[in-house]
Amino acid sequence: MTKIFDQLEVLGLILLDDAPRTPGSEEAIRIAANAIQFICATGQDQAFEEYVQSLHAGAPPLVIGRFATKAEAEAAMAARRWPIHVAAVLIGDDYYTAMFVPATGRTHLVRAETLDFYLQAMADERLTPSGLSFSTKEEAEAWMNQQPTPPQQVVIDIAGAPYLAAYHHRIDYRVLYPLPAPTPPSQET
């Protein structure tokens, strides 16, 4: 746990006792303190703790929702009381960035390479395979769906190919992503 109130205290001590000398850093610390106060005041401290834990666990990048089609996502974004200024959503299993554009008064959805970068990073980390092996994707999906709380990410084998079994905890979505080949080591010396 990040002990959010402890972090707020640390920020206050930095400002009082060890004020940074970099231009703008005092304002940045005040904004960070305001963000922590906002998180606490709006009852989002548990969600923030879960977010920090998911970062440390290498979980898939956070999304606010999943939709079958782009039209469904656009309708959901248009129906929101407060527009989303910038957030990630899944359409199918692809990441999109939802961005509100004041000039149009609409939330636009733009395909993002977030998933590609995430999967490449997981492949490059050469995560230890779990030892779980399945003959078919359907068998692997059945295994995932039987887990009361699946791991946020684990490497499994499906018919000889590495897959990342991932869990989007905020939207309770389980998915299997084929892993790309790791990036070859650089030849520069």
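Further up the page is the structure itself.
Along each chain, the written sequence defines residue order, and numbers are assigned to residues from 1. Totals for whole chains, interfaces and linings use all residues, but because this is a predicted model, local features are given only for residues with pLDDT of at least 70 and pairs of side-chain atoms are given and counted only at 80 or more. With hydrogens and water stripped out, all remaining heavy atoms of the structure feed into the side-chain values.

Participant: Help me understand helix α5 (residues 114-124) in this model?
Facilitator: Quick reminder: α-helices carry 3.6 residues per turn. Residues three or four places apart thus point the same way. Only protein chains enter the accessibility calculation, which uses a 1.4 Å probe. A residue is then buried if its area is under 20% of the maximum for its type, exposed if over 50%, and partly exposed in between. Helix numbering and strand numbering both begin at the N terminus, where a helix is a DSSP run of H or I of at least 4 residues and a strand a DSSP run of E of at least 2. Looking at α5, one finds that the buried residues are Leu115, Tyr118, Leu119, Met122 and Ala123. Down the axis of α5, the smallest arc covering the buried residues is 135 degrees, so these residues share one side. It only takes one pair of heavy atoms within 4.5 Å for two residues to be counted as in contact. Among the structural elements, β3 (94-101), β6 (153-158), β7 (161-168) and β8 (173-178) are those in contact with the buried residues of α5. Directly after α5, the chain includes Arg126, whose backbone phi takes a positive value near 50 degrees. The directions considered for the arc run from the helix axis to the C-beta atoms.

Participant: Where do I start with the side chain of Arg174 in this structure?
Facilitator: Here Arg174 is to be found in strand β8. At 2.7 Å, the side chain of Arg174 forms a polar contact with the backbone oxygen of Met144. Sequence-distant contacts of Arg174, that is, excluding residues within four places in its chain, are made with Met144, Asn145, Gln147, Pro148, Pro150, Ala166 and Tyr167. What qualifies as a polar contact is a pair of N or O atoms within 3.5 Å, subject to a donor-acceptor requirement within protein and to the restriction that residues adjacent in sequence count only when both atoms come from side chains.

Participant: For this particular structure, what's the right way to read the sheet that holds β7?
Facilitator: Within a sheet, neighbouring strands are paired by backbone hydrogen bonds and run either parallel or antiparallel to one another. The mixed open sheet is built from four strands, whose spatial order is β5-β6-β7-β8. The outermost strands of the open sheet, each flanked by one partner alone, are β5 (133-134) and β8. Should DSSP find at least two bridges between two strands, the strands are taken to pair. Pairing of β5 with β6 involves two bridges; the strand directions are parallel. Across the sheet, Phe134 pairs through a bridge with Ile158, a residue of β6. Angular values range over 0 to 180 degrees, each being the angle between N-to-C directions of two axes fitted as lines to C-alpha atoms, with helices fitted over their stretch in contact. Most of the contacts of helix α6 (residues 137-146) go to β8, to which it runs at about 145 degrees, and overall it touches β5, β6, β7 and β8.

Note that every value here comes from positions in space, so none of it alone points to a role or purpose.
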